[in-house]
Protein chains: 2
Amino acid sequence: MSGLSDPKARLREICRIAARVFYEKGYDGASMQEIAQAVGLTKAGLYHHVGSKDNLLFEIMNYGMDILDETVLARVQNIQDPREKLRQTILGHIDLIVRARDLEITVILHENRSLQGELREKINCRKRAYVNYLKDLIAEVQKQSGRPALLSPTLAAFYLLGLVNWLYQWYRPEGTIGQAELGRATVEFFFRGLLGYTPEEGTRASS
Amino acid sequence: MSGLSDPKARLREICRIAARVFYEKGYDGASMQEIAQAVGLTKAGLYHHVGSKDNLLFEIMNYGMDILDETVLARVQNIQDPREKLRQTILGHIDLIVRARDLEITVILHENRSLQGELREKINCRKRAYVNYLKDLIAEVQKQSGRPALLSPTLAAFYLLGLVNWLYQWYRPEGTIGQAELGRATVEFFFRGLLGYTPEEGTRASS
DNA sequence: GATCTGATAGACCGCTCATTCAAAGTTACC
DNA sequence: GGTAACTTTGAATGAGCGGTCTATCAGATC
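Residues numbered from 1 in each chain as written. Chains lettered and ligands numbered in written order. Predicted model: local features only at pLDDT ≥ 70, side-chain atom pairs only at ≥ 80, totals over all residues. Heavy atoms only, no water.

Undergrad: Which residues make up the overall build of chain A, and what values go with them?
TA: In terms of regular secondary structure, chain A is built from 11 helices and 0 strands. Each helix (α) and strand (β) of chain A, taken in turn from the N terminus, gives the series α-α-α-α-α-α-α-α-α-α-α. Along the first, second and third principal axes, the C-alpha set of chain A runs to 70 × 40 × 30 Å. Here chain A, with 207 residues, has 50% of them falling under the buried criterion. Counting only carbon and sulfur atoms, one obtains 49% of the accessible surface of chain A, whose full area is about 9500 Å². For chain A, the separation between the mean place of its 27 positive charges and that of its 25 negative charges on side chains is 2 Å. (Helix = DSSP H or I, 4+ residues; strand = E, 2+ residues; numbered from the N terminus. Buried < 20%, exposed > 50% of the residue type's maximum accessible area, 1.4 Å probe, protein only. Areas by Shrake-Rupley, 256 points an atom, 1.4 Å probe, with all protein chains shown as cover. Lys, Arg positive; Asp, Glu negative; His and termini not counted. Charge placed at Lys NZ, Arg CZ, Asp CG, Glu CD.)

Undergrad: Which residues make up the protein's contact with DNA strand D, and what values do they have?
TA: Close to DNA strand D lie 15 residues; Tyr47 and Lys53 of chain A together with Thr42, Gly45 and His49 of chain B are nearest. Counting only the atoms of DNA strand D that lie within 4 Å of the protein, the sugar and phosphate share comes to 53%. At 2.7 Å, a backbone N or O of Thr42 of chain B approaches a phosphate oxygen of DNA strand D. Here a phosphate oxygen of DNA strand D sits 2.5 Å away from a polar atom, N or O, in the side chain of His49 of chain B. Of all the secondary structure elements, the ones that give two or more residues to the surface near DNA strand D are helix H3 (43-49) of chain A together with helix H3 (43-49) of chain B. Considering each element in turn, the surface near DNA strand D owes the most residues, 4 residues, to H3 of chain B. Residues of the surface near DNA strand D, tallied by class, amount to 6 nonpolar, 6 polar and 3 charged. (Near = heavy atom within 4 Å. Polar contact = N/O pair within 3.5 Å; in protein donor to acceptor, adjacent residues only side chain to side chain. Nonpolar A, V, L, I, M, F, W, Y, C, P; charged D, E, K, R; others polar.)

Undergrad: How would you sum up the protein's contact with DNA strand C? Please name residues and give values.
TA: Surveying the vicinity of DNA strand C reveals 14 residues, the closest of which are Thr42 and His49 of chain A together with Lys43, Tyr47 and Lys53 of chain B. What you see for DNA strand C is that sugar and phosphate hold 60% of its atoms within 4 Å of the protein. Within the backbone of Ala30 of chain B, one N or O atom sits 3.4 Å away from a phosphate oxygen of DNA strand C. At 2.7 Å, a backbone N or O of Lys53 of chain B approaches a phosphate oxygen of DNA strand C. At the level of elements, H3 of chain A together with H3 of chain B are the ones that each hand at least two residues to the surface near DNA strand C.

Undergrad: Account for the relation of the copies chain A and chain B, with residues named and values stated.
TA: For the pair chain A and chain B, the best superposition has an RMSD of 0.1 Å and corresponds to a rotation of 180 degrees with a translation of 0.0 Å parallel to the axis. The two molecules are tied by a two-fold rotation axis, judged by turn and shift. A symmetric contact is evident, with 100% of the interface residues of chain A recurring at the interface of chain B. (Least-squares fit on C-alpha atoms with pLDDT ≥ 70 in both. Contact = heavy atoms within 4.5 Å.)

Undergrad: Account for the confidence of the model for chain A, naming residues and giving values.
TA: Looking at chain A as a whole, the pLDDT averages 89, with 93% of positions reaching at least 70. Taken together, the stretch residues 202-207 of chain A has pLDDT below 50 and engages in 2 contacts with residues farther than four places along the chain or on a different chain. (pLDDT = per-residue confidence, 0-100.)

Undergrad: Talk me through the side chain of Gln169 of chain B; I want residue IDs and the actual numbers.
TA: Along the chain, Gln169 of chain B falls in helix H9 (residues 167-170). At 3.4 Å, the side chain of Gln169 of chain B and the side chain of Tyr168 of chain B are in polar contact. Every residue in contact with Gln169 of chain B, bar those within four places of it in the chain, is listed here: His110 and Asn112 of chain A.

Undergrad: Lay out the pattern of salt bridges with the relevant residues and their values.
TA: All told, the structure shown has 23 salt bridges over all chains when counted by the stated rule. In this structure, Arg184 of chain B and Glu188 of chain B form a salt bridge, with 2.6 Å as the shortest nitrogen-oxygen distance. Here Arg184 of chain B and its partner Glu188 of chain B are both found in helix H10 (residues 179-195), 4 residues apart, which amounts to about one turn of the helix. Via salt bridges that share partners, Arg12, Asp66, Asp69 and Arg126 of chain A belong to a single interconnected network. (Salt bridge = Lys/Arg side-chain N within 4 Å of Asp/Glu carboxyl O.)

Undergrad: So what's going on with helix H2 (residues 32-39) of chain B? Which residues, and what values?
TA: In an α-helix, one turn spans 3.6 residues, which is why side chains three or four residues apart end up on the same side. Residue and element names in this part refer to chain B. Within the sequence span of H2, burial applies to Met32, Ile35, Ala36 and Val39. The buried residues of H2 occupy an angular sector of 100 degrees when projected down its axis, which confines them to one face. Residues of H2 that are buried in the fold lie against helix H1 (7-25), H3 and helix H4 (53-76). Looking one or two residues beyond H2, the residue adopting positive phi is Gly40, at roughly 95 degrees. (Arc of directions from axis to C-beta.)

Undergrad: Outline helix H8 (residues 153-165) of chain A, listing residues and values.
TA: All names here are of chain A. A rise of 1.5 Å per residue sets the reference length of H8, with its 13 residues, at 18 Å; its end C-alpha atoms lie 18 Å apart and thus fit the reference within 8%. Judged by how many residues are buried, H8 sits mostly within the fold: 11 of 13 residues are covered. The set of residues buried in H8 consists of Leu155, Ala156, Ala157, Phe158, Tyr159, Leu160, Leu161, Gly162, Leu163, Val164 and Asn165. (Expected span 1.5 Å × (residues − 1).)

Undergrad: Could you give me a rundown of the nonpolar core, with the residues and numbers involved?
TA: Of all hydrophobic cores here, the largest spans 142 residues; its most connected members are Leu86, Leu182 and Phe190 of chain A together with Leu86, Leu182 and Phe190 of chain B. Excluding its chain neighbours within four sequence positions, the residues that come into contact with Leu182 of chain B are Leu155 and Tyr159 of chain A together with Ile94, Val98, Leu167, Trp170, Tyr171 and Ile177 of chain B. (Core = buried A, V, L, I, M, F, W, Y, C linked by side-chain atoms within 4.5 Å.)

Undergrad: Mind laying out empty space enclosed by the protein, listing which residues take part and the relevant values?
TA: Per the counting criterion, the structure on display carries 5 cavities of 30 Å³ or more. The calculated volume of the largest cavity comes to roughly 60 Å³. Taken together, Met61, Glu111, Asn112, Leu115, Arg120, Ile123, Asn124 and Lys127 of chain B make up the lining of the largest cavity. Of the residues forming the lining of the largest cavity, the biggest block, 4 residues, is contributed by helix H7 (residues 117-145) of chain B. In the lining of the largest cavity, the residues fall into 3 nonpolar, 2 polar and 3 charged. Here the second largest cavity defines a volume of roughly 50 Å³. Forming the walls of the second largest cavity are Met61, Glu111, Asn112, Leu115, Arg120, Ile123, Asn124 and Lys127 of chain A. At 4 residues, the largest contribution of residues to the lining of the second largest cavity is made by helix H7 (residues 117-145) of chain A. Of the residues contributing to the lining of the second largest cavity, the split by class is 3 nonpolar, 2 polar and 3 charged. (1 Å grid on protein atoms, 1.4 Å probe; cavity = no way out; pocket = protein on both sides within 12 Å on 5 of 7 lines; lining within 4 Å. Points joined across faces, edges and corners; volume = space filled by probe spheres on them.)

Laid out in C-alpha cells, this is it:
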C-alpha cells in the first residue's frame, strides 16, 4: 500500500479490493478480516479507513455510481442524436459490467438488502437518477422514430437494465462472444424490442 | 406445524418459509435461529429436518426447479406451435417471478455463490437443462419465421433470462402495471428483439 | 527537539454463528 | 399398556463476527 498518499485514492483502492471480496463471498459472507488481509492491513488498520462494514459497502456503491457517471454518462452528454446517445450509453454500461477491471464494483450496485437507512437512500437516489435518465432518453428515441410507442419508456428502461445487468450472470469474456459483438447484439436486440426495428433498418422498413 | 404428517410436504413447507427468510436477509445474512423461529421450531428441531444450512439451500433450489418444471414446462409440453410454446413458457416463468406465493423460491435460484460442490453442480445441471430448452425452442421459432436469424439462440436465451429474472428487482404487483400487461409487453418485446417483429405483426410487415 | 496527525498493529470485547448431543415428548403400532 | 420410531428441545461447543482500545511509529510542522 505504498505510493498511495492521497487518502481518496487510498479509499478507492480499498473499495476496489473489498468489492472483489464482496463479489466473491457476498456482503454477509465476506468478513472484515478477509478484506483486511486482501487489502494488506490488519482489521484495525482497515477500520482506520472505513468506519464500518456498512460504510465500506456504501463507499463501494458510491464509487460504482461515480464510475458509471464518469465513464458512461459523462461521455455521452455531448451526443445530440438520442439514438446514438442511447446506443453509446448501452455500450458504456455493458463495458462496465463485463470488463475485468472494476466489474465487481458495478455488480455490487445490485446489492439491495444490506445497506440500510440514510446510506441506502443515497445510493437509491443515484440509481433512480440513472433510471430516469434512461427513461427520458428512451422516450426521446421513441419520439424520434415518428411511430407510436410500442411500450412505455419505464418498461423499456427496466428491460434494458435487465438485459445489461444480467450479463454478469452468464457472460464470460473468454467465451465465444467478444465484447464488441455482445455490445452490438445487445444494442440491436434492445432497439428492435423498443422500436420494432433497428435504426439502421428504419429506412428499409418504410420503403 | 401440526397436520403435516407427510415428511416431504413438511420439508416443502420448511423450504417455503426458509426461502422467505433467505430472500429477505440473504443466505449468509439469515441465521438458522431466525429460520427456526419462522418455521415454529427450535434450531435443533430444524436440524432434524434439514441436515445443514447448505442442504436447506439445496432443497429450496431443488424445489424451485421442481416448481419451474411443474408449473411451466409441464404445461407447455403439449403445445405444438413453437411460438405459442415459447410465449407460454415466458408467461409461465414471469408468473413464477412476480406472483406472491412462491416468488422467493424462484428468485433464490439466482443464488450462485453459497452452494458448493456436488449440490451446486446438481442445481446447475438443472438450470442448464432449462437454458438448453429455451435455446432449442428459440431456434425453432427462428426457423419457423422463415427469416435469417438475427442473433444466436444462445444469446437470445440469455437475454430472455435477463428480462425475466430481473423483474424481481423492480416489478411491484401493486404498481401501475398489472401482471397480464407485464406478460404481454415482455413477450412482445422479446419477440421483436428476437425476430424483428411480433408474430401477430408478421403478416403486416410482409405486406 | 517537541508536538501533532495520520496510519498501523496486537490484543481484546461481547456477541452470534452453525452445529451437536443427550434427553424429553409425541405418535404409531402391536 | 409397552415399545419403537419419530419429533422436538435446552444447553452447549468451538469458531468466527464486527468492532474497539491502547500503543507505537513515521512524517510533517513549528
